[in-house]
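# Structure at a glance
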Amino acid sequence: MKPRYSLILAAAASAFVAACSSTPETIEELETARAVVPQVEASPRAGVAANNISEARKALDRANQLADKGGKVAEIQYEATVAARNAQIANEKILSAMARDEIEKGTAERQAVLTEARTREADRNAEYARTAEERAKSLERELADLKGKKTDRGVVVTMGDVLFDTGKATLKPGAYATIERLATVLKEDTARKVLIEGHTDSVGSDEYNQSLSERRAASVQAALFERGVEASQISTVGKGETTPVASNDNAAGRQQNRRVELVFQDDRSKVASDTN
Amino acid sequence: MNHSMTRVAVPLALAAGLLAGCGGISDLTKERVARSETSVQQAQQTIGNSEQGAVELQRAKGNLDAARKAMKDGDEKTTERYAQLAQLDAELAVSKSQTATARKAADEMLASIKQLRQEAERPTSPNDAQQRTTDDK
């Protein structure tokens, strides 16, 4: 019996502690316990496993005493194993406690991030509302500068006959400043829609006047497109001679009737004017 | 190897000193074994088929078997010791499993915070929000 035991121990020793001292009394369980017990004792969260740590210490002390007295290897192994297991259990309890701490901290942090995100979102919306309002105000100012008239259809800016070549749809360079400002206004607020209406006097055939009014409206539209206004913001219509603003009996009246009107619709009245 | 050594060494060493004086097993030791059995069963339920604690549970079962065998042999001290080791291994198995669960929950929490942070820092305007809603339809 004894020789067999020595054989096993020798085999174990050569496998485990080849680099260590060749003393056959090196007991692996004891080495493990001596390493792990002080580790858990030193943990800042040792409190969560006080029982296991105290059991580990007692067992390790017993194992050390046995080893000092040259006690039986099996006895030392047993006490050392009890010490090591208790230390391992303590270690797991400490790791669990640390994970729970993280969860607790994380719950608070998560709430803070959520609150922060909501605040930021609210700020962003307020900022957007403010700039939208500012844009609307600046639009009103621009239109006022362009001598826009408030009507029940919205603000109407009139481009007079003098801005077109006689009898043609071509815009004269004098119209560019107005076009430029209109484009700026429309680009600033892409939700804003404009209806471009061409009008003529009563001189000439209806067909000619209809066609001329359409081409003049289209010409203004094209000039706005060229300046980067979105197609969806603009619609055009040729009204021919159907909607005079002055008498066609004298030259001054006829000149007033030859015009292009840009109708800037209020967001609210948009639907109403679409049905026109 | 450590393990096989313990299994062989403990009974061998104890056999000499204890076998002679051993009559019956005390009620206290029987209770001790019964408690370890309960602990091992509970550990089995906690761990199920998961990996965390499986090795320790296996070891607890081995120690419990050894305790039962020693009890049959009428070896009080060996029974007592294997029962104690079975108990400790069952507790360790459960602790490991609990740590793994807590760790996983903590990692998920950290990941969700990270994701929230990224979402919060991504600039979105009400226009984008409207766009998304429209796209969803």
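To start, this report covers the structure provided alongside it. (Residues numbered from 1 in each chain as written. Chains lettered and ligands numbered in written order. Predicted model: local features only at pLDDT ≥ 70, side-chain atom pairs only at ≥ 80, totals over all residues.)

## As for the overall build of chain A
How we decide: Here a strand is any run of E in DSSP of at least two residues, a helix any run of H or I of at least four, and the numbering for each starts at the N terminus. Any residue with 12 or fewer other C-beta atoms within 10 Å of its own C-beta is exposed, any with 20 or more is buried, and the rest are partly exposed; the C-beta atoms used are placed from the backbone. Contact between two residues is assigned whenever their backbone-derived C-beta positions fall within 7 Å.
The number of helices and strands found in chain A is eight helices and five strands. Helices and strands in chain A line up, N terminus first, as α-α-α-α-β-β-α-β-α-β-α-β-α. Put simply, chain A has 276 residues, and 32% of those count as buried. For chain A, contacts bridging at least 24 residues in sequence account for 69% of all contacts bridging at least 6.

## Quick word on the sheet that holds strand E1 (residues 149-151) of chain A
Each strand in a sheet pairs with another by means of backbone hydrogen bonds, the pair being arranged parallel or else antiparallel. Residues and elements named next belong to chain A. Under the convention used in this document: Think of it this way: DSSP has to see at least two bridges between two strands before they count as a pair. Under this scheme, a helix contributes an axis fitted over its contacting stretch, all axes are lines through C-alpha atoms, and angles between N-to-C directions fall in the 0 to 180 degree range.
The five strands are arranged E1-E2-E5-E3-E4 in an open sheet whose pairing can be described as mixed. This sheet does not close on itself; its edge strands, each paired only once, are E1 and strand E4 (234-238). Averaged over all neighbouring strand pairs, the angle between strand axes comes to 25°, with direction disregarded. Relative to strand E5 (residues 259-264), strand E2 (residues 154-160) runs antiparallel, the two being bridged by six bridges.

## A short note on the packing of helix H2 (residues 28-42) of chain A against helix H3 (residues 50-68) of chain A
Residue and element names in this part refer to chain A. Quick reminder of the rule: Each crossing gets its handedness from the near helix: less than a right angle anticlockwise from the far helix is left-handed, clockwise is right-handed.
Where H2 meets H3, the axes come as close as 10 Å, and the angle between the chain directions of the two elements is 145°. Remark: the crossing between H2 and H3 carries left-handed chirality. Facing Leu30, Ala33, Arg34, Val37, Val40 and Glu41 of H2, the residues of H3 in contact are Ile53, Ala56, Arg57, Leu60, Ala63 and Ala67.

## Here's the deal with the nonpolar core
Here is the rule we go by: Working definition: the nonpolar core is a set of buried Ala, Val, Leu, Ile, Met, Phe, Trp, Tyr and Cys residues, joined through C-beta atoms within 7 Å.
Of all hydrophobic cores here, the largest spans 49 residues; its most connected members are A:Ala33 and A:Ala83. Looking at this core, the elements with two or more residues in it are H2, H3 and helix H4 (73-145) of chain A together with helix H2 (27-47), helix H3 (54-72) and helix H4 (76-121) of chain B. Considering each element in turn, this core owes the most residues, 14 residues, to H4(A). What A:Ala33 contacts, discounting residues up to four positions off in sequence, is A:Leu60, A:Ala63, A:Ala80, A:Ala83, A:Ala84 and A:Ala87.

## Focus on helix H5 (residues 176-188) of chain A
Residue and element names in this part refer to chain A. Put simply, the test is: One fewer than the residue count of a helix, multiplied by 1.5 Å, yields its expected span. Within this analysis, the arc is defined by the directions that extend from the helix axis to the C-beta atoms.
For H5, with 13 residues, the first-to-last C-alpha span of 18 Å sits near the 18 Å given by 1.5 Å per residue. Every buried residue belonging to H5 is among Thr178, Ile179, Leu182, Val185 and Leu186, and all of these are buried. Buried residues of H5, seen end-on, are gathered within an arc of 125° and therefore sit on one face of the element. Packing partners of the buried residues in H5 comprise H4, E2, strand E3 (194-199), helix H6 (206-226) and E5.

## Points about the environment of A:Leu60
All names here are of chain A. Here Leu60 is to be found in helix H3. By C-beta crowding, Leu60 is classed as buried, having 24 other C-beta atoms within 10 Å. Spatially, the C-alpha atom of Leu60 lies 7.9 Å from that of Val37, the residues being 23 residues apart in sequence.

## Digging into the environment of B:Glu56
You can see B:Glu56 is positioned in helix H3. A sequence separation of 40 residues divides B:Glu56 from B:Lys96, and the C-alpha atoms of the two residues are 8.8 Å apart.

The values reported here are purely geometric and, on their own, carry no functional implication.
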